[in-house]
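Overview (structure and organization)
One-letter residues, chain by chain:
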Amino acid sequence: MKNRKEDSFMKKTRLFFVLFGIFLLCFGFSLFMTATIKMENSEWYYTWKPPYSEYEASVIITKIWGIVLLIIGGLAELLCLLSKLYESKNIQDVNPITSNTIKCHVCGIKTDSTLTICPKCKTKLRN
Ligand SMILES: [Zn+2]
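I will try to describe carefully the structure that is included in this document.

Criteria and cut-off values
- Here, residues in each chain are numbered from 1, in the same order as that chain's written sequence.
- For this predicted model, a pLDDT threshold of at least 70 governs which residues receive local features, and a threshold of 80 or more governs which side-chain atom pairs are given and counted, while totals over whole chains, interfaces and linings are taken from all residues.
- Helix and strand assignments come from DSSP, with helices taken as H or I runs of at least 4 residues and strands as E runs of at least 2, each series counted from the N terminus.
- We call a residue exposed when 12 or fewer other C-beta atoms sit within 10 Å of its C-beta, buried when the count reaches 20 or more, and partly exposed for counts in between; the C-beta positions come from the backbone.
- With C-beta atoms placed from the backbone, a contact is any residue pair whose C-beta atoms sit within 7 Å.
- Joined through C-beta atoms within 7 Å, a set of buried Ala, Val, Leu, Ile, Met, Phe, Trp, Tyr and Cys residues constitutes a nonpolar core.

**Thoughts on the overall build of the protein chain**
Regarding its fold elements, the protein chain presents three helices and two strands. In the protein chain, the succession of helices and strands from N to C terminus is α-α-α-β-β. When burial is assessed residue by residue, the protein chain has 8% of its 127 residues classed as buried. For the protein chain, the proportion of contacts with a sequence separation of at least 24, taken over those separated by at least 6, is 52%.

**Considerations on the nonpolar core**
Counting six residues, the largest nonpolar core is built from Leu-24, Leu-31, Ala-35, Val-59, Leu-69 and Ala-76. Mapped by element, the contributors of at least two residues to this core are α1 (4-41) and α2 (54-90). With residues near it in sequence (within four places) discarded, Leu-24 still touches Leu-69, Ile-72, Gly-73 and Ala-76.

**Focus on unusual backbone geometry**
Following Pro-50, the chain continues into Pro-51 via a peptide bond in cis, with omega recorded as 0°. Mapping Pro-51 onto the fold places it in the loop between α1 and α2. A positive phi angle, close to 60°, is found at Trp-48, a residue other than glycine. Among the structural elements, Trp-48 can be located in the loop between α1 and α2. Although it is not a glycine, Lys-122 sits at a positive phi angle of roughly 65°.

**Observations concerning the environment of Ser-58**
In this structure, Ser-58 sits in helix α2. Residues Ser-58 and Ala-35, spaced 23 residues apart in sequence, show a C-alpha to C-alpha distance of 9.0 Å.

**Remarks on the environment of Leu-15**
Residue position: Leu-15 is located in helix α1. Linking Leu-15 and Cys-80, residues 65 residues apart in sequence, is a C-alpha distance of 8.4 Å.

**Structural notes on the environment of His-105**
Take His-105: it is sitting in the loop between β1 (101-103) and β2 (110-112). Linking His-105 and Cys-118, residues 13 residues apart in sequence, is a C-alpha distance of 9.4 Å.

Below, the structure written as structure tokens:
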């Protein structure tokens, strides 16, 4: 049982990552294509082999950035997919109320189960 607030937060976070990933993929792809087209169109003038001129270096860096953004975007999409698969598999097992919290028998607040003293009324939670 997961509470709804947490669930919608997770959905929003994942949606953000999916959109962010798509943005990176598009941006990376356009950088990569721009650099590739520039390289193809100027093969007659530039060698594209070291030592690089300033223009060659800038185009090559653009291409590398494009590849890096494609990889990051791809990883973001993959992580979202994995987290969705993981969540749907484990959604029945997760119970944050019983697994991580303990209830104070004096004041009734719920607190972290690793604590030995109630943070509110200072009662000993266990011996
Ligand atoms: Zn207490």
